[in-house]
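Breakdown of the fold
One letter stands for each residue in the lines below.
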Amino acid sequence: EPEVTQTPSHQVTQMGQEVILRCVPISNHLYFYWYRQILGQKVEFLVSFYNNEISEKSEIFDDQFSVERPDGSNFTLKIRSTKLEDSAMYFCATNLRAGWGEQYFGPGTRLTVT
Amino acid sequence: GESVGLHLPTLSVQEGDNSIINCAYSNSASDYFIWYKQESGKGPQFIIDIRSNMDKRQGQRVTVLLNKTVKHLSLQIAATQPGDSAVYFCAESKIQGAQKLVFGQGTRLTINP
């Protein structure tokens with residue numbers, strides 16, 4: 001069964017450093033998402049991406065965050081200057097179509113900011 | 001604002017019993033609802049979905065019920081098994097647009113042998 005993959009599985013970084021989280025979507029999927037989950041809390045939407053542009057973003061997704069699909073396969077989330085409160089699990093999700101249907105989630109990247 | 005919440009944070013059931021996990025949502029504009037299962041250390045896994053033009057949908061051992069009048073969603077798991085132990089999240093969305101999912105807090109389901 002096709003699956004979404006994410007790298008790295010765990011990233012430790014110092015406050016103020018830049019991090020890039022990577023996702024490889026399911027090959028024929030067109031819609032891409034990033035979510036995050038602070039330990040013990042609910043999953044929160046960050047951003048959706050379609051046709052090489054952001055479709056929607058949440059209040060969390062401020063100027064420190066950016067997404068891109070540089071080579072047509074990887075889908076990346078960049079945090080320019082990490083803060084302690086950015087520590088969380090970051091999940092990539094992809095969907096074949098918009099509107100409805102299963103969003104497939106990757107296994108997540110655990111980001112720890114020290 | 002938008003919110004999807006759950007009535008109970010934890011639920012313990014005996015193996016073989018049926019489980020019912022509840023969820024309340026507040027955005028009446030939402031027209032698509034999904035249940036996800038999350039096992040420890042893994043990403044959310046799709047279980048079942050339902051559109052707002054339906055009030056019930058059945059899958060394999062799972063049933064989702066939607067009551068739009070009281071903005072309530074439930075997940076029923078029949079003959080609960082040890083492998084069902086996980087945190088269950090409901091999520092709401094709108095069919096129009098990019099399908100941003102708004103998740104609830106989650107209910108931890110524990111199976112007693």
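To start, this report covers the structure provided alongside it. (Residues numbered from 1 in each chain as written. Chains lettered and ligands numbered in written order. Predicted model: local features only at pLDDT ≥ 70, side-chain atom pairs only at ≥ 80, totals over all residues. Heavy atoms only, no water.)

With that settled, the discussion passes to the overall build of chain A. A count of helices and strands for chain A gives zero helices and eleven strands. Ordering the α and β elements of chain A from the N terminus gives β-β-β-β-β-β-β-β-β-β-β. In terms of C-alpha radius of gyration, chain A reaches 13 Å, essentially the compact-globule figure of 13 Å for 114 residues. Projected onto its principal axes, the C-alpha positions of chain A cover 35 × 25 × 25 Å. Here chain A holds 114 residues, and the buried ones make up 44% of them. Sequence-distant contacts, at least 24 apart, represent 54% of the contacts inside chain A between residues at least 6 apart. Side chains of chain A carry 10 positive and 14 negative charges; the gap between the two charge centres is 1 Å. (Helix = DSSP H or I, 4+ residues; strand = E, 2+ residues; numbered from the N terminus. Rg over C-alpha atoms; globule rule 2.2 N^0.38 Å. Buried < 20%, exposed > 50% of the residue type's maximum accessible area, 1.4 Å probe, protein only. Contact = heavy atoms within 4.5 Å. Lys, Arg positive; Asp, Glu negative; His and termini not counted. Charge placed at Lys NZ, Arg CZ, Asp CG, Glu CD.)

Take the packing of aromatic side chains next. Under the counting rule described, the total for this entry stands at 16 aromatic pairs over all chains. When the centroid spacing of 5.8 Å and the interplanar angle of 85° are considered together, the rings of Y35 of chain A and F103 of chain B count as edge-to-face. With Y35 of chain A in strand β4 (residues 31–37) and F103 of chain B in strand β10 (residues 102–103), this residue pair bridges two chains. Looking at F103 of chain B, the relative accessible area reads 1%, which means it is buried. Relative to F105 of chain A, the ring of F91 of chain A lies with its centre 6.4 Å away and its plane at 75°, an arrangement referred to as edge-to-face. Of this pair, F91 of chain A sits in strand β9 (residues 88–95) while F105 of chain A sits in strand β10 (residues 104–105); the two residues are 14 residues apart in sequence, bridging distant segments of the chain. Residue class for F91 of chain A comes out buried when judged on its relative accessible area of 1%. Grouped by ring-pair contacts, the aromatic residues Y33, Y35, F45, F91 and F105 of chain A together with Y36, F46, F89 and F103 of chain B constitute a single cluster. (Phe/Tyr/Trp six-rings, centres within 6.5 Å; stacked < 30°, edge-to-face > 60°.)

Let's shift gears to the nonpolar core. In this structure, W34, L46, F61, V67, F75, L77 and Y90 of chain A are the most contacted members of the largest nonpolar core, which totals 22 residues. Those residues in contact with F61 of chain A that sit more than four places away from it in its chain are L46, V47, I54, S66, V67 and L77 of chain A. Core analysis: the second largest hydrophobic core is formed by 20 residues, F33, V62, L75 and L109 of chain B among them. (Core = buried A, V, L, I, M, F, W, Y, C linked by side-chain atoms within 4.5 Å.)

With that out of the way, let us pick up the interface of chain A and chain B. The partner chain B presents 21 residues to the 21 residues of chain A that form the contact. Of the roughly 1800 Å² buried between chain A and chain B, counting both surfaces, carbon and sulfur atoms make up 54%. At the boundary of chain A and chain B, one finds one salt bridge. A salt bridge links K100 of chain B to E56 of chain A; its shortest N-O distance comes to 3.3 Å. There are four residue pairs in polar contact (both at pLDDT 80 or more) connecting chain A and chain B. (Buried area = accessible area lost by both parts, 1.4 Å probe. Salt bridge = Lys/Arg side-chain N within 4 Å of Asp/Glu carboxyl O. Polar contact = N/O pair within 3.5 Å; in protein donor to acceptor, adjacent residues only side chain to side chain.)

Here the structure, examined in full by the defined rule, presents two disulfides over all chains. Across a sulfur-sulfur distance of 2.0 Å, C23 of chain A and C92 of chain A are joined as a disulfide pair. Note on the C23 of chain A and C92 of chain A pair: the S-S dihedral is about -60°, so by sign convention the disulfide is left-handed. Of this pair, C23 of chain A sits in strand β3 (residues 19–24) while C92 of chain A sits in strand β9, placing them 69 residues apart in sequence. The burial state of C23 of chain A is the same as that of C92 of chain A; both residues are buried. A disulfide bridge connects C23 of chain B with C90 of chain B, and the sulfur atoms are separated by 1.9 Å. (Disulfide = S-S within 2.5 Å.)

Here the focus is the environment of Y88 of chain B. Residues and elements named next belong to chain B. Tracing the backbone shows Y88 in strand β9 (residues 86–93). Assessed through its relative accessible area of 2%, Y88 is described here as buried. It is 23 Å that separates the C-alpha atoms of Y88 and A98, two residues lying ten residues apart in sequence. At 2.5 Å, the side chain of Y88 forms a polar contact with the backbone oxygen of D84.

From the geometry alone we can't say anything about function, so treat these as descriptive.
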